[in-house]
Amino acid sequence: MKKRLSLLLSSIVALSMFSSVAFGKTSDDFTDLKDLDASTKVKFDAMFSAGIFNGVSETTFGLKDEMNRAQFAKVAALIMGLDINMDLHQSSFTDVSMNDPANGYALPYIEALKAAGVTDGYSEGTYNPAGKVSKEQLVTFLVRVLGKDADAKSKTFTDKTVSDWARGYVALALELKLFPIPEGSFGGASNATRDLLLLGAYEAKQQLMPAGEQMIHIKDFAFNKNVLTVKTGTKVTFMNEEDVPHTIVSDGLFDSRKENSAGIKKGESYSFTFDKPGVYKIYCSYHPFMTIKITVQ
Ligand SMILES: [Cu+2]
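For every chain, the first residue of the written sequence is number 1, and numbering continues from 1 along that sequence. The predicted origin of the model limits local features to residues at a pLDDT of at least 70 and limits the giving and counting of side-chain atom pairs to 80 or more, whereas totals for whole chains, interfaces and linings rest on all residues. Where side-chain values are given, they derive from all heavy atoms of the structure, hydrogens and water being excluded.

**Quick notes on the environment of Thr-59**
Working step 1: Going along the chain from the N terminus, every DSSP run of H or I of four or more residues is numbered as a helix, and every run of E of two or more is numbered as a strand. Structurally, Thr-59 is set in the loop between helix H2 (38-49) and helix H3 (69-79).
Working step 2: Given a relative accessible area of 43%, Thr-59 falls into the partly exposed group.
Working step 3: Sequence spacing of Thr-59 and Leu-33 is 26 residues, and the spatial spacing of their C-alpha atoms is 9.6 Å.
Working step 4: Note on contacts: a residue pair is in contact if any heavy atoms of the two residues lie within 4.5 Å. Non-local contacts of Thr-59, meaning those with residues more than four positions away in its chain, are made with Asp-29, Phe-30, Thr-31 and Asp-32. Only protein chains enter the accessibility calculation, which uses a 1.4 Å probe; a residue whose area is less than 20% of its type maximum is buried, one above 50% is exposed, and one in between is partly exposed.

Structure representation (structure tokens):
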């Protein structure tokens, strides 16, 4: 019995060590993601390439695995772009410890969330890192991450499967498209799974983009806009959402091939901050018919 327990513990340690280094994967590497539709795969790939998510094993994402509060902390801190002090080894919560093989990795993220005022913990002095997260709790967390607590409180929602306190949050989250509109009732008390965490976090991350930033999506050999007007100082990110690699070039200004000679692959992006007013033609050197004109004012 003792031997089996230590075997189990060491495989958990191996697993968490693995997940912290397993970057560079795509949805095609995980057997349980193969059947997702193309636009959902793009979201998964974007979160993998940003280092926000990885699989529960080398070949499994764990789509329907239940998530816990430690996982939420890591994802929330990363999508908010919080400063993470990875040298931190002491938590302000009594139940969060580096020595916890399952959830210790989340210590710096939990502290960053606390510093940012997103969480006060679970109860006095504890965070409950292994605790499951219900769907309505996940919704509430994400609405708070977006800083829209007050908006949620003014909403009404009549779904009886959502607790009274959470109805405004669920109504707002559906309005903001953080979650797909359920076909039947929402089921707020059921436990949230990793697919919901990923998709909700992806949408929240898009919405958290500061006012001085713009995102252009590449799909079907085209930018999703032909023209764009931005203020001087705007950072524009070009995100590739299809299997074909592309490049982002503006003659005399920038060339993504300098940093990424293999082309920008699916789920990868290239960003440029436009510091000078002017009109810029941007194109893909592999497919020169792909163009966008950006006017910087
Ligand atoms: Cu191209």
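**A word on the layout of surface pockets**
Working step 1: Of the voids in this model, the second largest pocket is the one considered here, and its volume is about 510 Å³.
Working step 2: Buried and open spaces are told apart on a 1 Å grid over the protein atoms alone, a cavity being a set of points where a 1.4 Å probe fits but cannot get out and a pocket being an open set with protein on both sides within 12 Å along at least five of seven lines. Residues with an atom within 4 Å of a point are the lining residues. Surrounding the second largest pocket, 23 residues form its lining, Ala-50, Lys-205, Met-215, Thr-237 and Ser-269 being those nearest its centre.
Working step 3: Among the elements of the structure, H2, H3, helix H8 (194-207), strand E1 (213-219), strand E4 (234-240) and strand E7 (269-274) are those that each provide at least two residues to the lining of the second largest pocket.
Working step 4: Along the lines of polarity and charge, the residues of the lining of the second largest pocket split into twelve nonpolar, seven polar and four charged. Grid points are joined across faces, edges and corners, and a volume is the space filled by probe spheres set on the points. Residues are sorted three ways: Asp, Glu, Lys and Arg are charged, Ala, Val, Leu, Ile, Met, Phe, Trp, Tyr, Cys and Pro are nonpolar, and all the rest, Gly among them, are polar.

**Digging into the sheet that holds strand E2 (residues 222-223)**
Working step 1: For two strands to be treated as a pair, DSSP must find no fewer than two bridges joining them. Spatial ordering of the open sheet is given by E2-E1-E4-E7, a layout of four strands whose pairing is mixed. For this open sheet the edge positions go to E2 and E7, each flanked by a neighbour on one side alone.
Working step 2: Summarising the sheet, E4 and E7 pair through six bridges and their orientation is antiparallel. Within the sheet, the bridge partner assigned to Thr-234 lies in E7 and is Phe-274.

**With respect to the pattern of salt bridges**
Here the idea is simple: oppositely charged side chains can pair when their charged atoms come close.
Working step 1: We define a salt bridge as a contact between a side-chain nitrogen of Lys or Arg and a carboxyl oxygen of Asp or Glu at a distance within 4 Å. What the rule picks out here adds up to eleven salt bridges.
Working step 2: When the shortest N-O distance is used, the salt bridge between Lys-64 and Asp-195 registers 2.5 Å. Of the two residues, Lys-64 sits in the loop between H2 and H3 while Asp-195 sits in helix H8, which places them 131 residues apart along the sequence.
Working step 3: Between Arg-144 and Asp-149 there is a salt bridge, with its nearest N and O atoms 3.2 Å apart.

**Some points on the coordination of the copper ion**
Geometry reference: four tetrahedral donors at a metal, ideal angle 109.5 degrees. Six octahedral donors, ideal angles 90 or 180 degrees.
Working step 1: Protein ligation of the copper ion involves His-246 (ND1), Cys-284 (SG) and His-287 (ND1), the donor distances falling in the range 1.9 to 2.2 Å.
Working step 2: Sites may look incomplete, because water is not among the atoms used; the donor set itself consists of N, O and S atoms within 2.8 Å of the metal (3.2 Å for Na, K and Ca). Along the chain, the residues that donate to the copper ion are spaced as H-x37-C-x2-H. With a gap of 38 residues between them, His-246 in the loop between E4 and strand E5 (249-250) and Cys-284 in the loop between strand E8 (278-283) and strand E9 (291-296) connect regions that are remote in the sequence.
Working step 3: What makes His-246 buried here is its relative accessible area of 1%.

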